[in-house]
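Survey of secondary and tertiary structure
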Amino acid sequence: MAHPAHSLSEQNSVGQETNWKSVLREEKQKEYFKQVVKFVEGERQQGKLIFPPNSQVFSALASTPLENVRVVIIGQDPYHGQGQAHGLCFSVQEGITPPPSLVNIFKELESDLGISRPDSGSLTGWAEQGVLLLNAVLTVQAHNAGSHAGKGWETFTDKVIEVVNDNLQSVVFLLWGSYAQKKGAFIDTQKHCVLKSPHPSPLSAHRGFFGSKHFSKANEYLVSKGREPIDWSKFKARTA
């Protein structure tokens, strides 16, 4: 089996802004991180189909420099269907049909701000504006949801959230569902805004995700703190 152009361990430092790289350097030297990288590379070398590809595992950090973070959305697990995951939670690659949770996000966005559903499921334009789209687990085996949970990614992404919490001011954390809410339980609400709702999944969206108005509330908070609001209508990357 041919090796990818860059191994996952090499991708740790490829494409990332210096700020993330410097604040996470020590974390990446820890044994648990080396083990999860080794695990993922071992899975690929065995011929298993793992999403997203190596070059996109850390796309959330590469797309949203630490100093630019204004909003954090926490997901759980990458999409496990072919061609969907590209390293940004809830987002899918261009040309891929939006999954049900993303469809519900678009429905709430239209209800809240009157923004029509886009023809693309890519949220790269949000990431480029400072929306950190962070999954708790950064890889998954094809068609096997949760297959890389408990391998160490959660510890690493806890550290990412801790870095934002400790180093920045006036960030909006959108915690959708009990999993995200538990993961963000330590966020300092004196420094940041934490908005909670049920998950946008079809199983729970009707319990309070719909009508939560998190997109307008996030912008109201940012403006109140003298920060630029997010243009939630810009979904695609600037180069797209």
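Residues numbered from 1 in each chain as written. Predicted model: local features only at pLDDT ≥ 70, side-chain atom pairs only at ≥ 80, totals over all residues. Heavy atoms only, no water.

1. Quick word on the overall build of the chain
Tallying secondary structure elements over the chain gives nine helices and six strands in all. For 240 residues, the compact-globule formula gives about 18 Å, and the C-alpha radius of gyration of the chain, at 17 Å, lands near that figure. Seen through its C-alpha atoms, the chain measures out along the principal axes to roughly 50 × 35 × 35 Å. Each of the 240 residues in the chain was classed as buried or not, and the buried ones make up 54%. Considering only intrachain contacts with a sequence separation of at least 6, the fraction spanning at least 24 residues in the chain is 69%. Element-wise, carbon and sulfur atoms account for 48% of the exposed surface of the chain, whose accessible area totals about 10800 Å². (Helix = DSSP H or I, 4+ residues; strand = E, 2+ residues; numbered from the N terminus. Rg over C-alpha atoms; globule rule 2.2 N^0.38 Å. Buried < 20%, exposed > 50% of the residue type's maximum accessible area, 1.4 Å probe, protein only. Contact = heavy atoms within 4.5 Å. Areas by Shrake-Rupley, 256 points an atom, 1.4 Å probe, with all protein chains shown as cover.)

2. Structural notes on the packing of aromatic side chains
The relation between two aromatic rings is expressed through the spacing of the ring centres and the mutual angle of the planes. Overall, the coordinates contain 16 aromatic pairs when judged by the stated rule. Each ring, one from F106 and one from F235, has its centre 5.5 Å from the other, and the planes form 85°; the classification is edge-to-face. Of this pair, F106 sits in helix 5 (residues 100-113) while F235 sits in the segment after helix 9 (214-224), placing them 129 residues apart in sequence. No difference in accessibility class separates F106 from F235, as the two residues are buried. Between F215 and W232, the ring centres sit 4.9 Å apart and the planes meet at 70°, which makes this aromatic pair edge-to-face. Of the two residues, F215 is situated in helix 9 and W232 in the segment after helix 9; the sequence distance between them amounts to 17 residues. The two residues F215 and W232 agree in class, both being buried. Connected via pairs of aromatic rings, a cluster forms that spans F90, F106, W126, W176, F209, F210, F215, W232 and F235. (Phe/Tyr/Trp six-rings, centres within 6.5 Å; stacked < 30°, edge-to-face > 60°.)

3. Topic: unusual backbone geometry
Backbone phi values are negative for most residues with the exception of glycine, while trans is the configuration of most peptide bonds. Note the cis peptide between F51 and P52, where omega equals -10°. Positionally, P52 belongs in the loop between strand 1 (50-51) and helix 4 (59-63). Notably, H143 is not glycine yet its phi reads approximately 60°, a positive angle. Relative to the assigned elements, H143 resides in the loop between strand 4 (140-141) and helix 7 (153-167). The backbone of S170 sits at a positive phi, close to 60°, despite the residue not being glycine. Structurally, S170 can be placed in the loop between helix 7 and strand 5 (172-176). What makes S170 buried here is its relative accessible area of 13%.

4. So, the side chain of K183
Relative to the helices and strands, K183 is located in helix 8 (residues 178-183). The class of K183 is buried, set by a relative accessible area of 8%. Side-chain polar atoms of K183 contact the side chain of D158, separated by 2.6 Å. Among all residues touching K183, those that are not within four sequence positions of it are I74, A136, E154, T157, D158 and I161. (Polar contact = N/O pair within 3.5 Å; in protein donor to acceptor, adjacent residues only side chain to side chain.)

5. Brief notes about the side chain of T124
Topologically, T124 is positioned in helix 6 (residues 124-129). Judged by relative accessible area, which is 16%, T124 ranks as buried. Sequence-distant contacts of T124, that is, excluding residues within four places in its chain, are made with H86, L88, S91, F235, K236 and A237.

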